[in-house]
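Each chain, letter by letter, is given below.
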Amino acid sequence: MARLRNYYAGPAALPLEALEIARDELLDFQGGGVSVMETSHRSKEYDQVHNESISLIRELMGLPDNYQVLFLQGGASMQFAMVPMNLLGPDQSADYILTGSWSKKAVKEAKIIAQANIAATTEKDGVFTSVPKQSELNLDPKAVYCHITSNNTIFGTQWHQFPETGSVPLVADMSSDILSRKIDPSPFGIIYAGAQKNLGPSGVAVVIIRDDMLAKCREGLPTMLSYKTHADKNSLFNTPPSFSIYMVNKVLNWIKGRGGIEAVEKENIEKGTLIYEAIDGSGGFYKNSIAKENRSLMNVVFRLPSEELEKKFVAEGLQAGFLGLKGHRSIGGIRVSIYNANQLDSVKEVVSFMKEFAAQNG
Ligand code: PMP
């Protein structure tokens, strides 16, 4: 069986080593005679997986003890609602910086619950090709938090330097770049991410919440929508998505085995350099219109001279074994998603395909 090179934006490629271990353990997890999927979430076998996953996230991200790591369901989209529900009273407001479709979805939910100030938007004619500069932010010093999307999966932009918000905590949707680079957690009150890009399969979202934010969370919410419920019960209030968390565990161990975030980040920079050089060096055949300092190292988007050529690129790519090259349906073009599991060799292969395709069709 030949596995394809996979550039889908999410669910996305997982490290082969993680999949192989899961395959080997599928029928009999740790000699218990059943799969991890079939074991109780209160069993000692599952407990070890659950707690090790939390410790690994802490260790790899360098999180101090005053951050809690939660495993929740409902994807990152549920967090669009849970963040404002938990943190905003009716007279309070939060800042939202709009850098793409996902931040627009986040602010829509906040507005249902309370007030939201658009501190900046880089939308022009329906597209986003940059993230705002510090001087472009209209920040409210009384905001309860300032929400950003650290990497914009659809438009292919990324914050390489986070905005400075003074004493207002940042809340970040890191769905498409969590664990891809070293970050200083201290400005962040909450970090959340759907797992299905850099962390594992779909079905679980990771929420990292600082104790002072947890203390500010409102009472009287439906039990399952309250961060306090999940923090108090170590994400075991109800049945967690145990198999998804198990896969996240395998991915985290894989990252650790590679040398941690520093090693992963170094390779991600190398990968990004390689593919953007191929775009910029194509004599205008491939065009990426993102501000250079905001280009994403995770989702590389570009256009070809015509939509016909883009279709041909996707079709010939697939024939050559490259899956998922089509851009998001809302903007078209090409998108090559190169999360942690797509290592340098995979990026080299797609770059050589790009060069051949340009030579034949340019
Ligand atoms: N935020 C970002 C940045 C995303 O890329 C996505 C999914 N592609 C989401 C949120 C939504 O995630 P989910 O499908 O897990 O709700």
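Before going into details, it helps to say that this report is about the structure given with it. (Residues numbered from 1 in each chain as written. Predicted model: local features only at pLDDT ≥ 70, side-chain atom pairs only at ≥ 80, totals over all residues. Heavy atoms only, no water.)

1. Some remarks on a nonpolar patch on the surface
Residues L26, L27 and M37 make up a contiguous nonpolar surface patch of about 320 Å² in total accessible area. The residue L27 is located in the loop between α1 (16-25) and α2 (44-61) in this model. Owing to a relative accessible area of 71%, L27 belongs among the exposed residues under this scheme. (Patch = residues over 30% accessible without salt bridge, like charges linked within 9 Å, V, L, I, M, F, W, Y side chains within 5 Å. Areas by Shrake-Rupley, 256 points an atom, 1.4 Å probe, with all protein chains shown as cover. Salt bridge = Lys/Arg side-chain N within 4 Å of Asp/Glu carboxyl O. Helix = DSSP H or I, 4+ residues; strand = E, 2+ residues; numbered from the N terminus. Buried < 20%, exposed > 50% of the residue type's maximum accessible area, 1.4 Å probe, protein only.)

2. Some remarks on the site of the ligand
Residues in close proximity to the ligand include G75, A76, S77, F80, W102, T149, N151, T153, D173, S175, Q196 and K197, which together make up its full environment. One nitrogen or oxygen atom from the side chain of W102 is found 3.4 Å from an oxygen atom belonging to the ligand. Between the ligand and D173, the relevant distance is 2.6 Å, taken from a nitrogen atom to a side-chain nitrogen or oxygen of the residue. For the ligand, whose free accessible area comes to 400 Å², the fraction covered by protein is 85%. Examining the composition of the shell around the ligand, we find that four residues originate from one element, helix α3 (residues 75-87), more than from any other. Across the shell around the ligand, the residue classes break down as three nonpolar, seven polar and two charged. (Near = heavy atom within 4 Å. Polar contact = N/O pair within 3.5 Å; in protein donor to acceptor, adjacent residues only side chain to side chain. Nonpolar A, V, L, I, M, F, W, Y, C, P; charged D, E, K, R; others polar.)

3. What to know about the pattern of salt bridges
One pass over the structure, following the stated rule, counts 15 salt bridges. Here R303 and E310 are joined by a salt bridge, their closest N and O atoms 2.8 Å apart. A single salt-bridge network, built from bridges that share partners, covers R5, D345 and E349.

4. Observations regarding α2
In a regular helix each residue adds 1.5 Å, so 18 residues correspond to 26 Å; α2 covers 26 Å between its end C-alpha atoms and thus fits that length. If you check which residues of α2 are buried, you get Y46, V49, H50, S53, I54, L56, I57, L60 and M61. Taken down its axis, α2 places every buried residue within 160° of arc, on the same side. Where α2 is buried, its residues meet β2 (67-72), β11 (188-194), β12 (205-210), α7 (242-257) and α8 (260-280). In the segment just after α2, G62 is the residue with positive phi, at about 60°. (Expected span 1.5 Å × (residues − 1). Arc of directions from axis to C-beta. Contact = heavy atoms within 4.5 Å.)

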